[in-house]
Structure formats: structure tokens, C-alpha cells
Amino acid sequence: MEESSDNSESKRPQFGTRHLSDPQNVFQHNAWDNVVWGDEQMKEAEAKLKLNSSSFMTEEAALKYEKEASQFWDTFYSTHENKFFKDRHWLFTELPELCNEQPTENVSETEVNTTGFPCQSAGFRIMEVGCGTGSTVFPLLEANTLKKSFVYCCDFSPKAVELVKSNPEYDPTKCHAFVCDLSEDNITFPFPENSLDIILVIFVLSAISPEKFSSTIKQLSRQLKPGGRIFFRDYGRYDMAELRFKPGKCISEHFFVRGDGTRVYFFSQDELRKLFEESGLVEEQNVIDRRLLVNRGKQLTMYRVWIQCKYRKPT
Ligand SMILES: C[S@@+](CC[C@H](N)C(=O)[O-])C[C@H]1O[C@@H](n2cnc3c(N)ncnc32)[C@H](O)[C@@H]1O
């Protein structure tokens, strides 16, 4: 997995701290923020994309990857276990709401059907979807600022959930991990609708078929309290990982399958805006993070593109 195989995404403290003003200095640092792409670079990226997306795989092949999606991820975690664990402490900078634990405005518990669910009494409820082995969950649990919070986390890979639960840091009084396929309709979550303050959707929507984006986000939005937020971070269009795919790996526009059978979609800011707004959410942030990573030893440059969004459910 591209995002996991380099650690740059998790090492980064926050956006926009290092700018490359003189291209001659490119090998002076390991990473540059907010890199501006010139016309030539855009043209080159479009040409690469045209080549690797010129034909889509057969429907039959695409269906296999859809039907067996959770098995491919399960095999991934059985093979790699925690090898791709990433430290997501930067989340606290990007999402200070996580530390504030201010119960979401204008919501009284009487608005929620609170008939006995795991940690119904928590003042602040967070859920991470597609949690993998807990790269986000464990920094959250470790942050002892989270005194009043309870963290739900889920993944459709039973192996991933097992790895989360067997982690010595897993504390069932503060966390509840469960297996769940987000792309299914009418999921029975272990809490009632309208009960979450924050939902974290980090590098997971890209693994779901684009036809299911809308129903997935709508379903998540129903779980938020009015005033609650979705925090999203995922791959952006023309990311190095998208341009590197070879022909034959394209399922549909901007949707590819990796060698291990897991799939990845590359988003644009506009389609995310449409997706979240059509689910009744209000935009607070929708930014593109273009980073240039440098391997100084090998004198290589890698252009990464990530998108980060925050959307709020109106009160
Ligand atoms: C790229 S990994 C990211 C893991 C974690 N969010 C992180 O950032 O480290 C994508 C994760 O999404 C999970 N996933 C993919 N499709 C899913 C679905 N339909 N329902 C639930 N989880 C899913 C995979 O099992 C995998 O753990």
C-alpha cells in the first residue's frame, strides 16, 4: 500500500510548514509542502493516467474484487499484521475537537434513543471506520486528554479487528472494536443513530466501490449527532500511486486494483464536496495537500496528493 509503505503521511506534523521556493534546493530536505504543479507536470500526469486507464478490466474481474474485498484485506492483515502501523498523532493538530471533548452543541441525550449500548454514558463519542490495526485508535486512547470519550472502531477485515483487540493498549472500558462492512445498507451499529460526536474516515473510502460512496456517507451522517463532524483524509487525484498503476489494473475511472487485490480510488475535491453536501453535511474544510517527498540518497522525487475534509451535520 502506497500510503502505508512510506511513513511521510504520519510523520507530517501539520500542513504547510516547508515551502520549496527554489527548485534547485529540492534535495535539501526530505519533504516539501504545498507544492505547486506546473502545466508541464499536469500534462505529464494526464498522459500517464490516459495510458493506465485507457481500458477498464472486464465486469467479471471487477465483480470478483468487489465480492471478495474483505478477504483481500483480511489476507493483507494476516500477511503483514502490524507492519504498516502508522503514528497518527498529527490528528490532534488537524482536529483539535478531539482533545476539547466539548459535547456537540444543542444535543441532549433525550434526542438519542439511549437504551443500553456500549458506553452510553460517555460524554463524547468518536468512531473510526476502516480502522485497520488501530493507527488512529491507539494514539486516541493513549492521549489521556480523552477523559470523557469513548472510541468505537470498525473494519470489515476480521483479522484487523482481532489485531486491534489483542493489542495490549486495547481498553474495553474506553473502546469497542467490531467487524462491519461499511458499504452495506442498514448496518446495525452498536449505538443508536444521532449519537456520535466525530467520525474518522481515514484512507478507507478509497477502498470502497465509487457506486457505494453516497450510501456509505449518508449512512455515516445519520450516526452523527446534530453538530457532529466527519473528518476525512484520503488519496487525491494524480497522486503518485495513481500514476504508477500499469494498464490492466483500472476498474473504472480513478479506481484501481493493487497487486494484492485491494482497491484504491483517487478523489477530487469537487466530488467530495458533492458527496458530503448531498448527505446533508456542511463544509468546514476541503483542502488538497500536495507534498513533494524526496529520497535524497537515491535522488528521487515523489509527488503525493492527499485530500483532507471536515464536514458538520447541521444542528
Ligand atoms: C488503507 S487501509 C487504512 C486503514 C486505517 N484507516 C489507516 O489509515 O491506517 C483501508 C482499511 O479500510 C478497510 N476497509 C475497506 N473497505 C471497507 C469496508 N467496506 N468496510 C469496512 N472497512 C473497510 C480495510 O480493511 C483497511 O483496514
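The preceding data block contains the structure.
Please read all numbers here as calculations on a predicted model, not as lab measurements.

Taken together, the buried positions of helix α10 (residues 213–223) are occupied by Phe 213, Thr 216, Ile 217, Gln 219, Leu 220, Ser 221 and Gln 223. Buried residues along α10 sit in contact with β2 (124–129), β5 (196–202), β6 (224–235), β9 (263–265) and α12 (269–278).

Mapped onto the secondary structure, Ser 78 falls in helix α5 (residues 69–80). Taking relative accessible area as the criterion, Ser 78 reaches 40% and is therefore assigned partly exposed. When the C-alpha atoms of Ser 78 and Leu 163 are compared, they prove to be 9.4 Å apart, with 85 residues separating the residues in sequence.

Turning next to the packing of helix α4 (residues 59–67) against α5. Axis separation between α4 and α5 bottoms out at 4 Å; the angle between their running directions is 60°. Taken as axis vectors, α4 and α5 run oblique relative to one another. Where α4 abuts α5, its residues Lys 64, Tyr 65, Glu 66 and Lys 67 lie against Ala 69, Gln 71 and Phe 72. Its residues assigned to classes, the contact of α4 with α5 comprises three nonpolar, one polar and three charged.

Taken in spatial order, the eight strands make up an open sheet running β1-β10-β11-β6-β5-β2-β3-β4, and their pairing is mixed. Looking at which strands have only one partner, the edges of the open sheet turn out to be β1 (31–32) and β4 (175–179). Looking at chain direction, β2 and β5 are connected through four bridges and run parallel. Counted as the bridge partner of Met 127 is Ile 199 from β5. On top of the sheet, helix α9 (residues 158–166) reaches β3 (149–155) and β4; it is set at about 160° to β4, its chief contact.

The next point concerns the pattern of salt bridges. With the rule as written, the count across this model stands at 19 salt bridges. The salt bridge partner of Arg 229 is Glu 97, with a shortest N-O separation of 3.5 Å. One end of the pair, Arg 229, is in strand β6; the other, Glu 97, is in helix α7 (residues 97–100), and 132 residues separate them in sequence. Accessibility assignment for this pair places Arg 229 and Glu 97 in one class, buried. Where Glu 284 meets Arg 312, a salt bridge forms, and the shortest distance between an N and an O atom there is 2.8 Å. One end of the pair, Glu 284, is in strand β10 (residues 282–295); the other, Arg 312, is in strand β11 (residues 300–312), and 28 residues separate them in sequence. Salt bridges sharing partners connect three or more residues here, namely Glu 97, Arg 229, Glu 284, Lys 310 and Arg 312.

The full set close to the ligand counts 21 residues, and Tyr 77, Arg 88, Gly 130, Asp 155 and Ile 202 are the nearest of them. One nitrogen or oxygen atom from the side chain of Arg 88 is found 2.7 Å from an oxygen atom belonging to the ligand. Note that a nitrogen atom of the ligand is positioned 2.8 Å from one of the side-chain N or O atoms of Asp 181. Looking at the shell around the ligand residue by residue, the classes come out as 12 nonpolar, five polar and four charged.

Overall, antiparallel pairing links the three strands, which are arranged β7-β8-β9 in an open sheet. Since the sheet does not close on itself, it has two edges, and those belong to β7 (250–252) and β9, each with one partner. On average, adjacent strands in this sheet sit at an angle of 30° to one another, irrespective of strand direction. Looking at chain direction, β7 and strand β8 (residues 255–257) are connected through two bridges and run antiparallel. The residue bridging Ser 252 from the neighbouring strand is Phe 255, located in β8.

In this section: the environment of Glu 253. Looking at where Glu 253 falls in the secondary structure, it is placed in the loop between β7 and β8. Along the chain, Glu 253 and Ser 55 lie 198 residues apart, while their C-alpha atoms are 9.6 Å from each other. Those residues in contact with Glu 253 that sit more than four places away from it in its chain are Phe 56 and Tyr 265.

Bringing the packing of aromatic side chains into the picture now. This model, assessed by the stated rule, comprises 20 aromatic pairs. Geometrically, the ring pair formed by Phe 276 and Tyr 311 is stacked, given 4.5 Å between the ring centres and 15° between the ring planes. Within this pair, whereas Phe 276 is found in helix α12, its partner Tyr 311 is found in strand β11, the two being separated by 35 residues in sequence. The pair formed by Phe 276 and Tyr 311 is uniform in burial state, with each residue classed as buried. One aromatic cluster in this structure is built from Phe 213, Phe 232, Phe 255, Tyr 265, Phe 267, Phe 276 and Tyr 311. Its guanidinium or amino end placed over the ring of Trp 90, Arg 233 lies 5.2 Å from that ring's centre, counting from NZ or CZ. Taking NZ or CZ as reference, Arg 290 lies 5.3 Å from the ring centre of Trp 37, over its face.

Cut-offs used in this document
Residues numbered from 1 in each chain as written. Predicted model: local features only at pLDDT ≥ 70, side-chain atom pairs only at ≥ 80, totals over all residues. Heavy atoms only, no water. Buried < 20%, exposed > 50% of the residue type's maximum accessible area, 1.4 Å probe, protein only. Helix = DSSP H or I, 4+ residues; strand = E, 2+ residues; numbered from the N terminus. Contact = heavy atoms within 4.5 Å. Axes fitted to C-alpha atoms, helices over the stretch in contact; angles between N-to-C directions. Parallel < 35°, antiparallel > 145°, perpendicular 65-115°, else oblique. Nonpolar A, V, L, I, M, F, W, Y, C, P; charged D, E, K, R; others polar. Pairing = 2+ DSSP bridges. Salt bridge = Lys/Arg side-chain N within 4 Å of Asp/Glu carboxyl O. Near = heavy atom within 4 Å. Polar contact = N/O pair within 3.5 Å; in protein donor to acceptor, adjacent residues only side chain to side chain. Phe/Tyr/Trp six-rings, centres within 6.5 Å; stacked < 30°, edge-to-face > 60°. Lys NZ or Arg CZ within 6 Å of the ring centre and 35° of its normal.

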